[in-house]
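Here is what each chain is made of, one letter per residue.
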Amino acid sequence: MALEKDHAASEPRNSSSTKTAQEADVVSTTWAHHEPERAGSAPSVVPESAFRQRRGSFFQERPLRVTEVDPQVLRKLTRRDVLIFGASAISGLAVGASLLPQTTLERLGLVHENKKGPKKSGF
Amino acid sequence: MPSSIQLDREQIATSTPESQAGVLVARRHHLLVRCSHWLNVPILVGLILSGLSIYWASPVYQHKPDPLTGNFDPLADTGIWICAHVPGLHQYSSPPDWVYNHLSLGPGMLAAALRLHWLCAYLFMLNGLVFVIGLAKGGGWRSLLPRRTDLRDALKMFSYYIGVPVAKLTRRTGLHPRFNTKYNALQRVAYFSVPVAGLLSIFTGWAIHKPMQLDWLTALFGGYDKARVWHFWLMWVVISFVVPHVILVLADGWDTLRSMIVGWSTRIGKSEGSRNGA
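Being a predicted model, the structure only gives us computed values, none of them experimental.

Cut-offs used in this document
- Residues numbered from 1 in each chain as written.
- Chains lettered and ligands numbered in written order.
- Predicted model: local features only at pLDDT ≥ 70, side-chain atom pairs only at ≥ 80, totals over all residues.
- pLDDT = per-residue confidence, 0-100.
- Contact = placed C-beta atoms within 7 Å.
- Core = buried A, V, L, I, M, F, W, Y, C linked by C-beta atoms within 7 Å.
- Buried ≥ 20, exposed ≤ 12 C-beta atoms within 10 Å, placed from the backbone.
- Helix = DSSP H or I, 4+ residues; strand = E, 2+ residues; numbered from the N terminus.
- Axes fitted to C-alpha atoms, helices over the stretch in contact; angles between N-to-C directions.
- Parallel < 35°, antiparallel > 145°, perpendicular 65-115°, else oblique.
- Left-handed = near helix turned anticlockwise from the far one by under 90°.
- Nonpolar A, V, L, I, M, F, W, Y, C, P; charged D, E, K, R; others polar.
- Expected span 1.5 Å × (residues − 1).
- Arc of directions from axis to C-beta.

### Observations concerning the confidence of the model for chain B
All names here are of chain B.
Inference 1: When pLDDT is averaged across chain B, the result is 85; 89% of the residues are at 70 or more.
Inference 2: In the predicted structure, residues 1-19 sits below a pLDDT of 50 and forms 21 contacts with residues beyond four places in sequence or in another chain.
Inference 3: When the criterion is pLDDT under 50, residues 271-277 qualifies, and its contacts beyond four places in sequence or with other chains add up to 28 contacts.
Inference 4: Per the prediction output, this complex has pTM 0.75; the corresponding ipTM is 0.75.

### Thoughts on the nonpolar core
Inference 1: Counting 22 residues, the largest nonpolar core has L47(B), L105(B) and C120(B) as its most contacted members.
Inference 2: Sorting the residues of this core by element identifies α3 (31-57), α4 (74-85), α5 (98-103) and α6 (110-138) of chain B as the ones contributing at least two each.
Inference 3: It is α3(B) that contributes the most residues to this core, seven residues altogether.
Inference 4: In contact with L47(B), not counting residues within four places along its chain, are H117(B), C120(B), A121(B) and F124(B).
Inference 5: By size, the runner-up hydrophobic cluster in this structure holds eleven residues, among which are V66(A), L77(A), V262(B) and W264(B).

### Focus: the packing of helix α9 (residues 185-209) of chain B against helix α11 (residues 224-252) of chain B
Residue and element names in this part refer to chain B.
Inference 1: Between α9 and α11, whose axes approach to 9 Å, the crossing angle comes to 150°. In terms of orientation, α9 and α11 fall into the roughly antiparallel class. Judged by the twist between their axes, the crossing of α9 over α11 is left-handed. Of the residues in α11, those in contact with A190, V194, A197, L200, S201, T204, G205, A207 and I208 of α9 are Y224, A227, R228, W230, H231, L234, V237, V238 and F241.
Inference 2: Split into classes, the residues belonging to the contact of α9 with α11 amount to 13 nonpolar, four polar and one charged.

### What to know about the environment of L83(A)
Residue and element names in this part refer to chain A.
Inference 1: Residue position: L83 is located in helix α4 (residues 71-99).
Inference 2: L83 sits in the exposed class, given 10 other C-beta atoms within 10 Å.
Inference 3: Remark: the alpha-carbon pair of L83 and L99, spanning 16 residues in sequence, is separated by 24 Å.

### What about the packing of helix α8 (residues 150-169) of chain B against α9(B)?
Residue and element names in this part refer to chain B.
Inference 1: Close contact between α8 and α9 brings their axes to 7 Å; oriented N to C, the two are set at 110°. Between α8 and α9, the angle falls in the class roughly perpendicular. Residues D150, D153, A154, M157 and F158 of α8 touch α9, and the partners they reach there are A185, L186, R188 and V189.
Inference 2: Here the residues of the contact of α8 with α9 are counted per class, giving six nonpolar, no polar and three charged.

### Overview of α4(B)
Residue and element names in this part refer to chain B.
Inference 1: With twelve residues, α4 should reach 16 Å at 1.5 Å per residue; the first-to-last C-alpha distance of 16 Å fits that figure.
Inference 2: Those residues of α4 lying buried are L75, A76, G79 and I80. Projected onto a plane normal to the axis of α4, the buried residues spread over an arc of 150° and lie on a single side. In α4, the exposed residues that point more than 90 degrees away from the buried face are A84 and H85.

Here you go:
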C-alpha cells in the first residue's frame, strides 16, 4: 500500500490515537507475563540470563503494525483486492472443473454426456 | 510516498468530521499467507474428492462381507442406509455408491483419482512452502506459537462457544474471555495444529506412495496399513477444523473475512476474531 502513513514504522508516535491503538494492540507472551512477577516479588530469584531474555524477545509476539490510511484510498484498494480475489476464485473454479474427469462432470451436470466423440479422461 | 497520502484536512474541510480522519488499519496477514490460505480451498477439495475415490478402490476399514450383497465397505453401508431412510432416495440406482457419488470423483475411477490426488498433493506441498515463507516474512509465526496457558485458556474459549447458543436463546450476553494477543488460545491451538496435521498428511502420503523406497517413513507410522489409517484420519482432522472455522468466520463478520483477502483489519485494539474467534 503505497498511499499510506505507517505509524508503527516511521511515525514518532506523536498522534495520541495511534499510540493508544498501538498500545492496545501490543501483545504479550509467556515471557512478558512472567518477568515482572519474578522481578517484583522475589529479589532472591536469580535474574534470567541475557540469552533467555533474547530468546524470549525473539519468540515474543510483535505488535501489529497500525497504519493510518485515507478512507478513499482504502476503499479503492479494497475494491481492487476483492475484485482480484473474485477473478482468481472464478478462474480457479474453471481450472478445477477442467481437471475433473468426464464422468464426474456429467454427474455434476456441468457437461452433457458425449456419446459420439472421444471421452475426456481427466487432465 | 508517505507524504502523498497524508490527509490534508484543509482540503476536505467541507466533508463530514468522520471523513476527515484517516482510517486506522492493522496489518493482519502477509500476502503470501493470504494466497496460500485461499489456494488451500481448491487444493483440499481436490485432495478429498480424489482421496475418497482412491479409498473406494481399497477401503481402509473393512468388515466381513455381507452374505447378501458381498459388501465389505462401511462407507457403502452408509450409502445404503441413507438411501433406505432419506425420503426421495429410495429409488436411487446404486445405494452403495451414494457416498462416493456425492463426496468423491465417483466410484471406479482409481486411475484418474490417483493422478488428480498427486497433482493436488504436489500443489499442497508447494503451497505449504509458500505459507511458511509468508509466516516467516510477515512474522506471523510468532502469533501461532503455543503458550503455557493455552490449554486452560482454550478450554475457557470452548466453554464460551458452547454457551453462545444458550446465551442467544436466553437473550443474555455471554462474557467473552479476555485476551490481548492476535489470536485467542483456541484459535492458536487450531492454527498451530492444522499445519502440523498438513505436514503429517504429507509424510503419511509419501509413506503410502513409496513404501519400499521410504520404508523407514512407513515404519515410523506403524507400517503401510497404519499409515493409510493415519492419512485417512488426518483428513478428518482437517475437515473438523474447516467446518467450524468457516462458520465462525461468517459469524464474526465482514472484517475478519476481508482481512484474509486484503490483509488489513479496521478492528484496532481488539484481537482478531475477538467476538467469535474465527
